[in-house]
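Breakdown of the fold
Single-letter residue listing:
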Amino acid sequence: MNGTIRVGNLFGIPFYIHPSWFLVLGLVTWSYSSGLAAQFPQLSAGLALLLGLMTALMLFASVVAHELGHSFVAIGQGIDVKSITLFIFGGLASLEKESKTPGEAFWVAIAGPMVSLLLCGIVTAIGVTTPASGPLAAILGVLASVNLALALFNLIPGLPLDGGNILKAIVWKITGNPYKGVTFASRVGQIFGWVAILSGVVPLLLFGNSGNFWNLLIGFFLLQNAGNSAQFARVQEKLTGLTAEDAVTHDSPIVSANLTLREFADERVISGQNWHRFLVTDDDGQLVGAMAIDNLRTIPTALWSETQVKEVMRPITESTTVQSDQPLLEVMQLLEQQKLSVLPVVRENGVLVGILEKAAIIQLLQSRTQPNPA
């Protein structure tokens, strides 16, 4: 997953850490240990470092709790959570699919900030109602402040932040179109991204102050991800209503299992077809396997006339096929997730329709993007 490291499962959800997280962990540990040492001179350097590390770990645990808030609400809606990842800007819960309604999408989006606000309240209550003092009180104050900041930052109404997903759900509810919600929230996210960049660049250029350098990073993060969200929404909208069968390649490479290898070679190979892999069907047209050109080399040429394709082909499992009525958007996501370029398309009764290539989806998108001639 883009260089991330899997460290285990959280409540059955795969948990990943991006290497940049360790850098942030070190910087946060150093920052808070230095602050504690300056505020409480009686602390030894080792104890201050240990308390700084504990504070940093509790802060990142707060980020994980924030993402678990999103995840548990999504699971309650029947949406699988593929992973939770910690990275330099916080955390990300990767969901299998979108919520079915704007109301459900709203609750998934707001669950994370609500968890952070709840943690802020709990930590504040502990600090007020207990005789905590000294370094412990300082750590509780930091935890409460960070959870409050985490909630408020994520409530900024622009994608990819939670506030952007909340805004998307609201626009979706008003317009009845989820893609308009994504587009609008993405534009707002890009506006906030430019504001963050300017807030870092202007002080640097005018006063030589690099104190807002972090704003630059956040701004670029917002710009890139908001743009990606808008682009993906446009793709989703163009694929809406299309199924896998709509993108099946005409004259797909299909052969009968009863052909001899000689017939297969004459009809499919020597005839000049450029396919290197063919799908094999039985007499009923059902998919039973796949035959590659290289498989011919495993059989002596003298035996080609008496050897049938079904004796050389390799079986295909259901997990490597898609249904003809499956939404094309889901098929595209499956191709991306499994790093595939081609998938066989079958009907419910197992009859083969043909192959679906990633390139065909791209061509279909391009044709739907081009304006119709007058």
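Provided above is the structure to which this section pertains.
To start, this report covers the structure provided alongside it.

Rules used throughout
- Residues numbered from 1 in each chain as written.
- Predicted model: local features only at pLDDT ≥ 70, side-chain atom pairs only at ≥ 80, totals over all residues.
- Heavy atoms only, no water.
- Helix = DSSP H or I, 4+ residues; strand = E, 2+ residues; numbered from the N terminus.
- Rg over C-alpha atoms; globule rule 2.2 N^0.38 Å.
- Buried < 20%, exposed > 50% of the residue type's maximum accessible area, 1.4 Å probe, protein only.
- Salt bridge = Lys/Arg side-chain N within 4 Å of Asp/Glu carboxyl O.
- Pairing = 2+ DSSP bridges.
- Axes fitted to C-alpha atoms, helices over the stretch in contact; angles between N-to-C directions.
- Contact = heavy atoms within 4.5 Å.
- Phe/Tyr/Trp six-rings, centres within 6.5 Å; stacked < 30°, edge-to-face > 60°.
- Patch = residues over 30% accessible without salt bridge, like charges linked within 9 Å, V, L, I, M, F, W, Y side chains within 5 Å.
- Areas by Shrake-Rupley, 256 points an atom, 1.4 Å probe, with all protein chains shown as cover.
- Expected span 1.5 Å × (residues − 1).
- Parallel < 35°, antiparallel > 145°, perpendicular 65-115°, else oblique.
- Left-handed = near helix turned anticlockwise from the far one by under 90°.
- Nonpolar A, V, L, I, M, F, W, Y, C, P; charged D, E, K, R; others polar.

Describing the overall build of the chain
Looking only at helices and strands, the chain has 11 helices and 10 strands in total. Relative to the 2.2 N^0.38 estimate, which gives 21 Å for 374 residues, the radius of gyration of the chain is 28 Å and therefore markedly larger than a compact globule would have. In terms of overall dimensions, the chain has a C-alpha envelope of 90 × 55 × 45 Å along the principal axes. Going through the 374 residues of the chain one by one, you find that 43% of them count as buried.

Some words on the pattern of salt bridges
Going through the model one piece at a time under the given rule, you end up with 3 salt bridges. Glu98 is the salt-bridge partner of Lys168, the closest N and O atoms lying 3.1 Å from each other. In this pair, Lys168 sits in helix H5 (residues 162-175) while Glu98 sits in the loop between strand E4 (90-95) and helix H3 (102-129), placing the two residues 70 residues apart along the sequence. Residue classification places Lys168 among the buried residues on the basis of a relative accessible area of 6%. Assessed through its relative accessible area of 47%, Glu98 is described here as partly exposed. With its nearest N and O atoms 3.8 Å apart, the salt bridge here joins Asp294 to Arg297.

Concerning the sheet that holds strand E3 (residues 81-87)
In spatial order, the strands read E1-E2-E3-E4; together these 4 strands make up an open sheet with mixed pairing. For this open sheet the edge positions go to strand E1 (5-10) and E4, each flanked by a neighbour on one side alone. Direction aside, neighbouring strands of the sheet carry axes that sit 25° apart on average. Sheet topology places E3 next to E4; 6 bridges connect them, and they run antiparallel. Residue pairing in the sheet places Ile84 in a bridge with Ala93 of E4. Across the sheet, helix H2 (residues 45-76) touches E1, strand E2 (13-17), E3 and E4, and the angle it forms with E3 is around 165°.

So, the packing of aromatic side chains
Under the defined criterion, the tally for this structure stands at 5 aromatic pairs. Their ring planes at 80° and their centres at 5.2 Å tell us that Trp21 and Phe22 sit as a pair that is edge-to-face. A ring pair is formed by Trp21 and Phe60, whose centres lie 4.9 Å apart and whose planes are at 65°; its orientation type is edge-to-face. One end of the pair, Trp21, is in helix H1 (residues 20-39); the other, Phe60, is in helix H2, with 39 residues separating them in the sequence. The exposure class assigned to Trp21 is buried, which follows from its relative accessible area of 7%.

A closer look at a nonpolar patch on the surface
Together, Leu198, Val202, Leu205, Leu206 and Phe207 make up an exposed nonpolar region whose accessible area comes to about 580 Å². Structurally, the position occupied by Val202 is in helix H6 (residues 178-207).

What about H1?
Every α-helix carries 3.6 residues per turn, so stepping three or four residues along brings you back to the same face. Over its 20 residues, H1 extends 29 Å from the first C-alpha to the last, a length consistent with the 28 Å expected when each residue adds 1.5 Å. Burial in H1 covers these residues: Ser20, Trp21, Val24, Leu25, Val28, Thr29, Ser33 and Leu36. In the core, the buried residues of H1 are packed alongside E2, H2, E3 and helix H4 (134-154).

Notes on H4
Helix length check: H4, at 21 residues, gives a terminal C-alpha distance of 31 Å against a target of 30 Å (1.5 Å per residue), a fit within 8%. Of all the positions in H4, only Pro135, Ala138, Ile139, Leu140, Val142, Leu143, Ala144, Asn147, Leu150, Ala151 and Asn154 are classed as buried. The secondary structure elements touched by the buried residues of H4 are H1, H2, H3 and H5.

Examining the packing of H1 against H4
In the contact formed by H1 and H4, the axes pass within 11 Å of each other and the chain directions differ by 140°. Classed by the angle they form, the pair H1 and H4 counts as oblique. At the point where H1 passes H4, the crossing takes the right-handed sense. Of the residues in H4, those in contact with Tyr32, Leu36 and Gln39 of H1 are Pro135, Ala138, Ile139, Val142 and Val146.

Some points on the sheet that holds strand E10 (residues 352-357)
In space, the 3 strands of this open sheet follow the order E8-E9-E10, with mixed pairing throughout. Only two strands of the sheet have a single partner each, and these edge strands are strand E8 (322-323) and E10. Taken together, the 5 bridges between strand E9 (residues 342-346) and E10 define a ladder with antiparallel strand orientation. Paired with Leu343 across the two strands is Leu356, which belongs to E10. Sitting on the sheet, helix H10 (residues 328-337) is in contact with E8, E9 and E10, with an inclination near 145° to E9.

Describing unusual backbone geometry
Across the junction of Leu159 and Pro160, the peptide omega takes the value 10°, indicating a cis bond. In this model, Phe11 sits at a positive phi of 55°, which is unusual for a non-glycine residue. Within the fold, Phe11 resides in the loop between E1 and E2.

Looking at the packing of H5 against H6
Relative to each other, H5 and H6 sit at 140°, their axes nearing to 7 Å. In terms of their interaxial angle, H5 and H6 are classed as oblique. The element H5 and its partner H6 pack so that their crossing is right-handed. Note on element contacts: H6 touches H5 through Pro178, Lys180, Gly181, Val182, Phe184, Ala185 and Val188, opposite Gly164, Leu167, Lys168, Val171, Trp172 and Thr175. For the contact of H5 with H6, the per-class residue count stands at 8 nonpolar, 3 polar and 2 charged.

These results come straight from atomic positions and should not be treated as a statement about function.
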